[in-house]
Amino acid sequence: MRAAFISDIHGNSIALEAVLEDISKKAVNQIYVLGDLCYRGPDPKGSLRRIQALHTKVIKGNADEWVVRGVRQGEVPDPVLDIMNRERDWTVSQLDQQDIDYLAGLPTELNLDLEGMSISAFHATPESLFEVVLGSADDELLETKLMSASHADLYIYAHIHRPYIRYINGRIIMNIGSVGLPFDGMNKASYAIVEVDQGRISTSIERVSFDIEEVIRQYEDARYPNSDMMARILHHASVK
């Protein structure tokens, strides 16, 4: 059994198509989606439609929640609250009520079994769509924040846009990075593959090139309210 886990598309349908094309070459049996589908990208509608066409299990991310009800004070630094809500309003203007209802109704976790291997999957932590837990955290923090809600062999999450794999007390924890907006300095889309075969377990982070300049043109053509900053993020794969 080979499963792919993707997340944090952020309305970047060009990166999403590149990732799905890469997945199609790797004999993947199932794709799972861990949230942040539309917000902050130039093609929210196209990205959402492509995810829905997969007919697979999808969970909610913080950006999906923001599309539904807006960005609230305290969830982001005060200086960027206004622009992020303008970006949110632009995203909503590209969607219809059925899309909003779809995002509102998404579950917040997945509990899977791949040939006897138990997997707990969520967007940020089992308790929160918003909390940031980095891969550089110590083992105790990772266990407390990410691995205590349920017992599993493998814990998979997204949100931080920085992929990694670690092993703690005989269990695996994996962050799958971001399809549409990587933040780890490598401007390639990121996703994960998990393979289980007769007791053998393989986990990997995959990186895929996509046409960054075309995505930037989409931002500009769509008159996205924060296109200059998004272009810098795409070029540098960093928010700094």
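Residues numbered from 1 in each chain as written. Predicted model: local features only at pLDDT ≥ 70, side-chain atom pairs only at ≥ 80, totals over all residues. Heavy atoms only, no water.

In the nomenclature of an unreviewed UniProt entry, the protein corresponds to Serine/threonine protein phosphatase from the organism Paenibacillus abyssi. As stated in UniProt under Sequence similarities (unreviewed entry), the record for the protein gives "Belongs to the metallophosphoesterase superfamily. YfcE family." (UniProt positions renumbered as here; feature names shortened; annotations may be inferred.)

Enquirer: Explanation requested: a negative patch on the surface in the structure shown.
Expert: On the surface, Asp211, Glu213, Glu220, Asp221 and Asp228 cluster together into a patch of negative charge. With 3 residues, the top contributor of residues to the negative patch is helix α7 (residues 212–221). Its place among the elements puts Asp221 in helix α7. (Patch = residues over 30% accessible without salt bridge, like charges linked within 9 Å, V, L, I, M, F, W, Y side chains within 5 Å. Areas by Shrake-Rupley, 256 points an atom, 1.4 Å probe, with all protein chains shown as cover. Salt bridge = Lys/Arg side-chain N within 4 Å of Asp/Glu carboxyl O. Lys, Arg positive; Asp, Glu negative; His and termini not counted. Charge placed at Lys NZ, Arg CZ, Asp CG, Glu CD. Helix = DSSP H or I, 4+ residues; strand = E, 2+ residues; numbered from the N terminus.)

Enquirer: So what exactly am I meant to see when it comes to the pattern of salt bridges here?
Expert: Pairing of side chains with opposite charge becomes possible as their charged atoms draw close. The tally for this structure, following the rule as stated, stands at 20 salt bridges. Among the salt bridges present, the one from Lys26 reaches Glu206, with a minimum N-O distance of 2.7 Å. On the criterion of sequence distance, the pair formed by Lys26 in the loop between α1 (13–24) and β2 (30–33) and Glu206 in strand β9 (residues 200–208) is long-range, its members being 180 residues apart. Take Lys26: its relative accessible area is 22%, and that puts it in the partly exposed class. (Buried < 20%, exposed > 50% of the residue type's maximum accessible area, 1.4 Å probe, protein only.)

Enquirer: What should I look at first to understand the pairing of β9 in this one?
Expert: In terms of strand pairing, strand β8 (residues 189–197) meets β9 through 9 bridges, oriented antiparallel. By the bridge assignment, Ala192 is partnered in β9 with Ile205. Here β8 folds back onto β9, and the loop between the two strands holds 2 residues, one of which, Gln198, carries a positive phi near 50°. (Pairing = 2+ DSSP bridges.)

Enquirer: Hey, could you run me through the environment of Val92 in this one?
Expert: Tracing the chain through its elements places Val92 in helix α4 (residues 78–93). Relative accessible area serves as the criterion here: at 24%, Val92 is assigned to the partly exposed category. Expressed as a C-alpha distance, the spacing of Val92 and Lys45, which sit 47 residues apart in the sequence, is 9.5 Å.

Enquirer: Please clarify how α1 should be interpreted in this entry.
Expert: Residues separated by three or four positions in an α-helix point in the same direction, a consequence of the helix having 3.6 residues per turn. For α1, spanning 12 residues, the distance from its first C-alpha to its last is 16 Å, which sits close to the expected 16 Å at 1.5 Å a residue. Counting buried residues along α1, 9 of its 12 residues qualify, which places the element largely inside the surrounding structure. Of all the positions in α1, only Ser13, Ile14, Ala15, Leu16, Ala18, Val19, Leu20, Asp22 and Ile23 are classed as buried. At its buried positions, α1 is contacted by β1 (2–6), β2, α2 (44–52), β8, β9 and α7. (Expected span 1.5 Å × (residues − 1). Contact = heavy atoms within 4.5 Å.)

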